[in-house]
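Single-letter residue listing:
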Amino acid sequence: MSNAKAEQPKCPQDRWRAVEMPKQDPKVRAHNFDEVALGYTEEQALTEAARCISCPKPGCVQNCPVELEIPAFIKLVKEKKFEEAIRKVKEKNSLPAICGRVCPQEEQCQKTCVMGKKGQSVSIGRLERFLADREMQKGVTAPQLPSPTGKKVAIVGAGPAGLTAAADLAKLGHKVVVFEALHLAGGVLVYGIPEFRLPKRIVQAEVDYIKKLGAEVRTDALVGRLFTIDELFKQGFDAVFIGTGAGLPQFMGIPGENLGGIYSANEFLIRVNLMKSYLFPEWDTPIRVGKHVAVIGGGNVAMDSARCALRLGAEEVCIVYRRSREELPAREEEILNAEEEGIVCKFLAAPVRYIGDKSGWVKEMECIAMELGPPDESGRRRPVAMKGSEFIMPVDTVIVAIGRTPNPIIQRTTKGLETTKHGTIVVKEETGQTSLEGVYAGGDIVTGEATVISAMGAGKKAAKSIHEYLM
Amino acid sequence: MYKIVRKSEIAPKIKLFEVAAPDIAAKANPGQFVIVKTCENGERVPITLVNADTKKGTITFVFNEVGKTTRQLGLLNEGDSILNVCGPLGNPSEIEKFGTVLCVGGGVMIAPMLFQVSAMRKAGNKVITVIGARIKDLLFFENEMKALSDEFYMATDDGSKGYKGLDFLKEILTKQKVDRVVAMGPVVMLKAVSEMTKPLGIKTIVTLTPIMVDGMGMCGACRVTVAGKTKFGCVDGPEFDGHQVDFEELVQRQRMFLPEERLAALFHERIGGINVVKCES
């Protein structure tokens with residue numbers, strides 16, 4: 001199908017349609033943790049790249065948080081100059097294999113693509129992924145580094161924001177040490193996003209690339225407990241970047257929420273992704289998933305949790321969301337993937353209490369039906385509970401995916417660091433500087449839970465400011 | 001990697017490790033714990049600290065070989081290294097001059113109680129220490145505790161050494177003014193002690209050991225109900241007011257993965273050698 005397209009790249013009808021990316025069959029993939037989307041072949045990439053018309057004023061670049069020079073790298077793809085193309089990408093984005101997979105391109109670069117006005121936008125993310133994967137297969141070489149500046153920067157948190165800041169600062173010749181509290185670098189990329197959406201070998205390869213740039217990664221180091229920010233300066237660091245993310249799970253505070261079988265999405269995903277409990281008992285950390293699973297919430301984390309539960313053998317996985325399908329905050333692509341795999345949704349409903357069996361395990365969930373009222377401050381219509389509409393759902397596993405809040409440890413242990421009432425760190429918009437000299441922050445710890453790419457954008461901006469501050 | 005500089009078996013299947021970890025040692029206080037992981041595919045296990053020696057740059061902890069990971073840990077020897085040690089985690093114990101403090105340590109948690117007894121003594125308290133275990137062979141640190149305490153008692157479930165059961169505590173609590181009780185041990189013991197002190201109005205601090213994964217506030221596996229509110233054992237605790245803890249829920253939550261824990265132990269017994277080789281490579 002797609003091969004036929006590749007042979008007729010100039011066919012006028014095809015020009016408005018993007019080349020589909022091959023995927024694992026939904027029936028097969030619902031039972032394994034292998035990657036769902038398989039990536040473009042060279043032929044497919046060339047066909048897709050040919051659709052880019054190289055606009056003189058490209059909307060895609062403006063809408064990219066890291067200002068990737070999209071038409072320029074696509075032009076190099078068209079010319080089959082793949083090495084140059086990936087170098088062009090890496091000038092702005094140190095984690096292309098990750099962004100190519102998990103960025104919400106439809107909301108960013110691809111949203112403003114000229115081709116999208118009449119047909120489908122150019123698949124920028126898929127092309128980015130193609131280049132990154134191709135380079136990884138051939139073996140990644142680190143670029144020539146400038147001579148050392150003699151300055152030292154501590155990066156707190158090895159997630160998307162921290163890794164991006166680390167890469168940019170290392171490329172500028174600064175000595176960078178990344179402190180990570182968990183035993184593996186990657187942050188949400190390793191503990192949150194599942195293997196079938198972002199294979200962990202990809203994250204590892206990107207972390208290795210950052211190490212090749214000269215950055216040191218120190219795991220098991222929870223800054224705030226092991227060292228405070230003040231102590232990092234005493235140890236000889238000249239600047240600090242805080243990218244500790246939003247990793248605290250939220251619960252609804254309804255009766256029965258501490259029964260067995262009820263997980264926060266964070267616990268569920270940490271067990272499955274970081275601790276690889278889908279490989280239990282070869283891997284030691286267990287997980288228990290029953291037959292009837294309810295996932296509370298409608299974001300990407302809810303979709304990821306639901307799809308993991310299905311792969312762990314659940315008979316039925318139901319996403320329970322208090323608004324309707326139109327308001328689902330998850331990426332459309334991920335919603336479609338979940339639906340294809342057989343995940344069902346119960347819209348306009350929310351749990352009010354959980355009922356356990358004699359051993360303290362959840363057996364039923366009482367829900368209440370909702371209707372949509374006038375819009376709230378987020379602009380979405382506010383769900384309002386309908387009196388007397390309570391109903392019971394039999395469940396033996398519940399995953400609560402209603403959002404995460406900022407990690408509080410740094411804020412609690414750093415004097416003079418200004419924070420908001422939501423627990424996020426206050427920074428100057430244009431520089432990422434906090435209320436303390438030499439201390440910068442970015443990513444979810446500043447914005448609250450957001451996307452991988454916006455965190456990377458913030459890491460990039462802070463790296464630039466830190467460089468200016470140091471030099 | 002964290003090198004084991006001293007290993008000893010202090011009771012059957014109960015082992016002590018002193019580990020080189022200067023940064024952790026510099027920050028560790030009584031009541032805090034570390035998360036230990038022995039190999040790439042291993043689980044993260046929280047273990048309460050027994051000592052921190054800032055001069056030597058070492059931390060000490062004690063564990064009971066009950067599950068797969070602790071058995072695997074027990075196979076390591078002096079000179080070997082532990083892959084991951086993260087800490088210090090959790091809040092330090094509240095240590096100040098309270099007056100008379102009764103310290104009750106049970107089972108493997110006798111060990112971290114030593115850290116606390118020592119700190120309570122240094123803070124100028126009169127320290128009454130009680131250590132308890134199922135049977136006499138499982139009692140340890142007798143001499144160490146005796147040396148640090150103003151009064152010292154032992155108890156076993158079967159009466160094979162010291163008092164039989166914990167009922168004698170009532171006498172201690174009534175014959176003199178006790179200003180604070182701290183307890184570390186199995187949930188049944190924590191509950192029994194808390195129930196004894198509640199009618200007497202003596203503030204009782206218990207160390208909870210719920211299941212944890214990350215140990216730093218991210219997963220919520222360790223949630224416990226205290227005074228009707230959900231708290232996280234790792235970041236809000238691990239010490240809580242014993243009169244406010246929902247012990248029934250804690251016991252149920254600790255048992256959540258019992259079948260899997262048994263399976264993992266069995267797996268380890270049968271083909272555990274594979275994992276051990278992986279650790280060393």
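Not measured: the values here are computed from a predicted model. (Residues numbered from 1 in each chain as written. Chains lettered and ligands numbered in written order. Predicted model: local features only at pLDDT ≥ 70, side-chain atom pairs only at ≥ 80, totals over all residues. Heavy atoms only, no water.)

K.L.:
Where do I start with the overall build of chain A in this structure?
P.N.:
Check the secondary structure of chain A and you find 19 helices and 16 strands. Here the C-alpha atoms of chain A give a radius of gyration of 23 Å, agreeing with the 23 Å that 2.2 N^0.38 yields for 471 residues. On the principal axes, the C-alpha backbone points of chain A span a range of 65 × 65 × 50 Å. Looking at the 471 residues of chain A, the share that counts as buried comes to 60%. (Helix = DSSP H or I, 4+ residues; strand = E, 2+ residues; numbered from the N terminus. Rg over C-alpha atoms; globule rule 2.2 N^0.38 Å. Buried < 20%, exposed > 50% of the residue type's maximum accessible area, 1.4 Å probe, protein only.)

K.L.:
Looking at this structure, how should I read the sheet that holds strand β8 (residues 100-106) of chain B?
P.N.:
Strand pairing in a sheet is mediated by backbone hydrogen bonds. Such pairs are either parallel or antiparallel. Residue and element names in this part refer to chain B. Pairing within the open sheet is mixed, and its seven strands lie in the order β11-β10-β9-β8-β12-β13-β16. Single-partner strands in this sheet number two, and they are β11 (163-164) and β16 (239-241). Where strand β9 (residues 126-133) and strand β10 (residues 151-156) come together, six bridges link them in parallel fashion. Paired with threonine 129 across the bridge in β10 is phenylalanine 152. Packing of helix α5 (residues 168-175) onto the sheet brings it into contact with β8, β9, β10, β11 and β12 (180-184), and relative to β10 it is tilted by some 160 degrees. (Pairing = 2+ DSSP bridges. Contact = heavy atoms within 4.5 Å. Axes fitted to C-alpha atoms, helices over the stretch in contact; angles between N-to-C directions.)

K.L.:
Any chance you could explain the interface of chain A and chain B here in plain terms?
P.N.:
One frequent convention defines the size of an interface as the accessible area lost when the parts assemble. Contact residues are listed per partner, giving 45 residues for chain A and 48 residues for chain B. For the chain A and chain B pair, buried surface summed over both sides reaches about 3,800 Å², with 56% attributable to carbon and sulfur atoms. Considering only the side of chain A, the residues that lose the most area to chain B are Arg225, Asn258 and Asp284 of chain A, jointly responsible for 21% of the buried surface there. Connecting chain A to chain B are four salt bridges. Where arginine 218 of chain A meets aspartate 23 of chain B, a salt bridge forms, and the shortest distance between an N and an O atom there is 2.7 Å. At the junction of chain A and chain B, the tally comes to 21 residue pairs in polar contact (both at pLDDT 80 or more). Of all elements in the fold, only β5 (248-249), β6 (262-264) and α14 (265-274) of chain A reach the threshold of two or more residues within the side of chain A that touches chain B. Per element, the largest residue contribution to the side of chain A that touches chain B is four residues, and it comes from α14 of chain A. (Buried area = accessible area lost by both parts, 1.4 Å probe. Salt bridge = Lys/Arg side-chain N within 4 Å of Asp/Glu carboxyl O. Polar contact = N/O pair within 3.5 Å; in protein donor to acceptor, adjacent residues only side chain to side chain.)

K.L.:
I keep staring at the nonpolar core and nothing clicks. Help me out?
P.N.:
Nonpolar side chains in soluble globular proteins generally cluster together in the buried interior. Residue and element names in this part refer to chain A. Judged by nonpolar contacts, the single largest core of 96 residues is most densely connected at Phe73, Ile74, Ile98, Leu131 and Ile155. Ranked by residue count, the leading element in this core is helix α19 (residues 452-470), at eight residues. The residues touching isoleucine 155, leaving out its near neighbours within four places in the chain, are Gly162, Ala165, Ala166, Leu169, Val176, Val177, Val178, Phe179 and Phe241. In terms of nonpolar packing, the next biggest core, distinct from the first, is built from 51 residues, Ala294, Leu310, Cys318 and Val320 among them. (Core = buried A, V, L, I, M, F, W, Y, C linked by side-chain atoms within 4.5 Å.)

K.L.:
Hey, could you run me through the pattern of salt bridges in this one?
P.N.:
When the charged atoms of two side chains with opposite charge come close together, those side chains can pair. Residues and elements named next belong to chain A. All told, the structure shown has 47 salt bridges over all chains when counted by the stated rule. The partner of aspartate 133 in a salt bridge is arginine 101, with the nearest N and O atoms 2.9 Å apart. Pair noted here: aspartate 133 is in helix α9 (residues 124-138) and arginine 101 is in helix α7 (residues 96-102), with a separation of 32 residues, a long-range link. Summarising the burial analysis for this pair, aspartate 133 and arginine 101 share the class buried. Here the residues in one salt-bridge network are Arg29, Arg197, Asp304, Arg307, Arg311, Glu334, Glu340 and Glu341, joined through shared partners.

K.L.:
Help me understand the pairing of strand β7 (residues 292-296) of chain A in this model?
P.N.:
Successive side chains on a regular strand alternate, one facing one side of the sheet and the next facing the other. Residue and element names in this part refer to chain A. In terms of burial, β7 is largely enclosed, as four of its five residues are buried. Across five bridges, β7 lies against strand β8 (residues 316-321) in parallel orientation. The partner of valine 293 across the bridge, within β8, is valine 317. A crossover links β7 with its parallel partner β8, the connecting element being helix α15 (residues 300-311), and its sense is right-handed. Here β7 runs beside strand β14 (residues 397-400); their pairing, made up of four bridges, is parallel. Across the sheet, the residue bridging to valine 295 is isoleucine 399, located in β14. (Right-handed = clockwise from strand over helix to strand, strands pointing away.)

K.L.:
For this particular structure, what's the right way to read the confidence of the model for chain B?
P.N.:
Looking at chain B, pLDDT values average 93 and 96% of them are 70 or higher. Two numbers describe this predicted complex: its pTM, 0.92, and its ipTM, 0.93. (pLDDT = per-residue confidence, 0-100.)

K.L.:
What exactly am I supposed to notice about the side chain of threonine 397 of chain A here?
P.N.:
Looking at the element boundaries, threonine 397 of chain A is found in strand β14. If sequence neighbours within four positions are ignored, threonine 397 of chain A has contacts with Gly261, Tyr263, Arg288, Val289, Gly290, His292, Val293, Ala294 and Val362 of chain A.

K.L.:
Would you explain the packing of aromatic side chains in this entry?
P.N.:
Remark: the centre distance and the inter-plane angle together describe each pair of aromatic rings, the angle taken between the planes. All names here are of chain A. As enumerated under the stated definition, the model contains 15 aromatic pairs over all chains in all. Among the aromatic residues, ring-to-ring pairing joins Phe33, Phe196 and Tyr278 into one connected group. Over the ring of tyrosine 209 we find lysine 90, and its NZ or CZ is 3.7 Å from the ring centre. (Phe/Tyr/Trp six-rings, centres within 6.5 Å; stacked < 30°, edge-to-face > 60°. Lys NZ or Arg CZ within 6 Å of the ring centre and 35° of its normal.)

K.L.:
Whenever I open this one, the side chain of serine 123 of chain A confuses me. Can you help?
P.N.:
Residue and element names in this part refer to chain A. Residue position: serine 123 is located in the loop between α8 (115-118) and α9. The class of serine 123 is buried, set by a relative accessible area of 4%. Ignoring anything within four residues of it in the chain, the contact list for serine 123 reads Ala18, Val19, Tyr40, Glu48, Arg51 and Gln110.

K.L.:
What should I look at first to understand the sheet that holds strand β4 (residues 45-53) of chain B in this one?
P.N.:
Residue and element names in this part refer to chain B. With antiparallel pairing, seven strands are arranged side by side in an open sheet as β6-β1-β2-β5-β4-β3-β7. Looking at strand neighbours, the two that pair on one side only are β6 (81-82) and β7 (84-89), the edges of this open sheet. As paired elements, strand β3 (residues 33-37) and β7 share four bridges and run antiparallel to each other. Its bridge partner lying in β7, phenylalanine 33 is registered against leucine 89. Strand contacts of helix α3 (residues 110-122): β4 and β5 (58-64), with the helix running at about 40 degrees to β4, the strand carrying the most contacts.

K.L.:
Would you mind going over unusual backbone geometry with me for this structure?
P.N.:
The general pattern is negative phi for most residues beyond glycine and trans for most peptide bonds. A cis amide bond, omega 5 degrees, links phenylalanine 280 of chain A with the succeeding residue proline 281 of chain A. For proline 281 of chain A, the position within the fold is in the loop between α14 and β7. The linkage connecting glycine 87 of chain B with the following residue, proline 88 of chain B, adopts the cis geometry, with an omega of -5 degrees. Checked against the element boundaries, proline 88 of chain B lands in strand β7. In this model, lysine 276 of chain A sits at a positive phi of 50 degrees, which is unusual for a non-glycine residue.

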